[in-house]
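Spelled out from the first residue to the last, the chains are:
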Amino acid sequence: VRKLQSVETLGCTSVICTDKTGTLTTNEMTAVSLVLLESVDGNIVVEEHPISGFSYSPEGSISGVEHSREVKNNPKGAVADVAAVSALCNDANIVGNNSPEGSSKIYERIGEPTEAALCVLTEKLGGKSPDIQFDLTPKSRASANVSAWRADHPRQATL
């Protein structure tokens, strides 16, 4: 810390959020857990749900959150809100390559790694794209749910 103002600000801080996700080595990010407030026996508890999968592949699951069902059955719930914010509040896209050659990857990002990781989270949550199937081509599957969210809620401006 080089400046006194930084130390003073740090003294007023109650939460410090950090990440170490591999962006320095591979320039990729992946969401590894989803934390939600849930009601259990009338009490509100914090529940952490591990997320499987890696890189920008939409293949994977979220432990305790059934793919597509949570968003479809409770469109005003916390899981749907996470999916909406993850899809709508960024400028990234995931693109699929149906025939990767050489060093080309099957799924790649356009945009910032953090925002791309949120797009992948939306795909793993599912529920917005009507007929998403796990046997679709990478190009069709890469951003099916994100595209559906964005089609339903067109952007007016980016600030």
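Below you will find a few notes about this structure. (Residues numbered from 1 in each chain as written. Predicted model: local features only at pLDDT ≥ 70, side-chain atom pairs only at ≥ 80, totals over all residues. Heavy atoms only, no water.)

**Observations regarding a nonpolar patch on the surface**
At step 1: A contiguous nonpolar surface patch, about 430 Å² in accessible area, is contributed by V35, L37, I44 and V46.
At step 2: Of all the secondary structure elements, the ones that give two or more residues to the nonpolar patch are strand 1 (33–40) and strand 2 (43–50).
At step 3: Look at L37 and you get exposed, because its relative accessible area is 61%. (Patch = residues over 30% accessible without salt bridge, like charges linked within 9 Å, V, L, I, M, F, W, Y side chains within 5 Å. Areas by Shrake-Rupley, 256 points an atom, 1.4 Å probe, with all protein chains shown as cover. Salt bridge = Lys/Arg side-chain N within 4 Å of Asp/Glu carboxyl O. Helix = DSSP H or I, 4+ residues; strand = E, 2+ residues; numbered from the N terminus. Buried < 20%, exposed > 50% of the residue type's maximum accessible area, 1.4 Å probe, protein only.)

**Quick word on the pattern of salt bridges**
At step 1: Per the counting criterion, the structure on display carries five salt bridges.
At step 2: Among the salt bridges present, the one from E66 reaches R69, with a minimum N-O distance of 3.6 Å.
At step 3: Judged by relative accessible area, which is 45%, E66 ranks as partly exposed.
At step 4: What makes R69 partly exposed here is its relative accessible area of 47%.
At step 5: Note that R155 and D91 form a salt bridge whose closest N and O atoms lie 2.3 Å from each other. Residue R155 is found in the segment after helix 6 (144–152), and its partner D91 is found in the loop between helix 3 (78–88) and strand 3 (93–96); the two are separated by 64 residues along the sequence.
At step 6: Looking at R155, the relative accessible area reads 41%, which means it is partly exposed.
At step 7: The class for D91 is partly exposed, based on a relative accessible area of 44%.

**A closer look at the environment of S61**
At step 1: Counting through the fold element by element, S61 comes out in the loop between strand 2 and helix 2 (69–73).
At step 2: By relative accessible area, which is 42% here, S61 ends up partly exposed.
At step 3: Contacts of S61, omitting those with residues within four sequence positions, involve P50, I51 and S52. (Contact = heavy atoms within 4.5 Å.)

**With respect to the packing of helix 4 (residues 113–125) against helix 6**
At step 1: Between helix 4 and helix 6, the least distance of the axes is 7 Å, while the angle of their chain directions is 95°. The angle between the axes of helix 4 and helix 6 places the two elements in the roughly perpendicular class. Residues C119, T122 and E123 of helix 4 pack against A144, N145, V146, W149 and R150 of helix 6.
At step 2: Partitioned by chemical class, the residues of the contact of helix 4 with helix 6 number four nonpolar, two polar and two charged. (Axes fitted to C-alpha atoms, helices over the stretch in contact; angles between N-to-C directions. Parallel < 35°, antiparallel > 145°, perpendicular 65-115°, else oblique. Nonpolar A, V, L, I, M, F, W, Y, C, P; charged D, E, K, R; others polar.)

**Examining the pairing of strand 2**
Consecutive side chains along a regular strand alternate between the two faces of the sheet.
At step 1: With eight bridges joining them, strand 1 and strand 2 adopt antiparallel strand pairing. The partner of S39 across the bridge, within strand 2, is I44.
At step 2: Linking two consecutive strands that pair antiparallel, namely strand 1 and strand 2, is a turn of two residues; a positive phi of about 55° is found at D41 within it. (Pairing = 2+ DSSP bridges.)

**Considering the side chain of E123**
At step 1: Summarising the element assignment, E123 is placed in helix 4.
At step 2: Here the side chain of E123 touches A144 through a polar contact of 3.4 Å, landing on its backbone nitrogen. (Polar contact = N/O pair within 3.5 Å; in protein donor to acceptor, adjacent residues only side chain to side chain.)

**Description of the packing of aromatic side chains**
Each aromatic ring pair is specified by the distance between its two centres and by the angle formed by the two planes.
At step 1: For the structure shown, the criterion picks out zero aromatic pairs.
At step 2: Over the aromatic face of W149 sits the side chain of K128, whose NZ or CZ is 4.3 Å from the ring centroid. (Phe/Tyr/Trp six-rings, centres within 6.5 Å; stacked < 30°, edge-to-face > 60°. Lys NZ or Arg CZ within 6 Å of the ring centre and 35° of its normal.)

**Section: the nonpolar core**
At step 1: In terms of nonpolar packing, the biggest core is built from 23 residues, with I62, I94 and L125 touching the most fellow members.
At step 2: Breaking this core down by element, the ones donating at least two residues are strand 1, helix 3, helix 4 and helix 6.
At step 3: Residues within four places of I94 in sequence aside, it is in contact with Y56, Y107, E108, R109, A116, C119, V120, A142 and S143. (Core = buried A, V, L, I, M, F, W, Y, C linked by side-chain atoms within 4.5 Å.)

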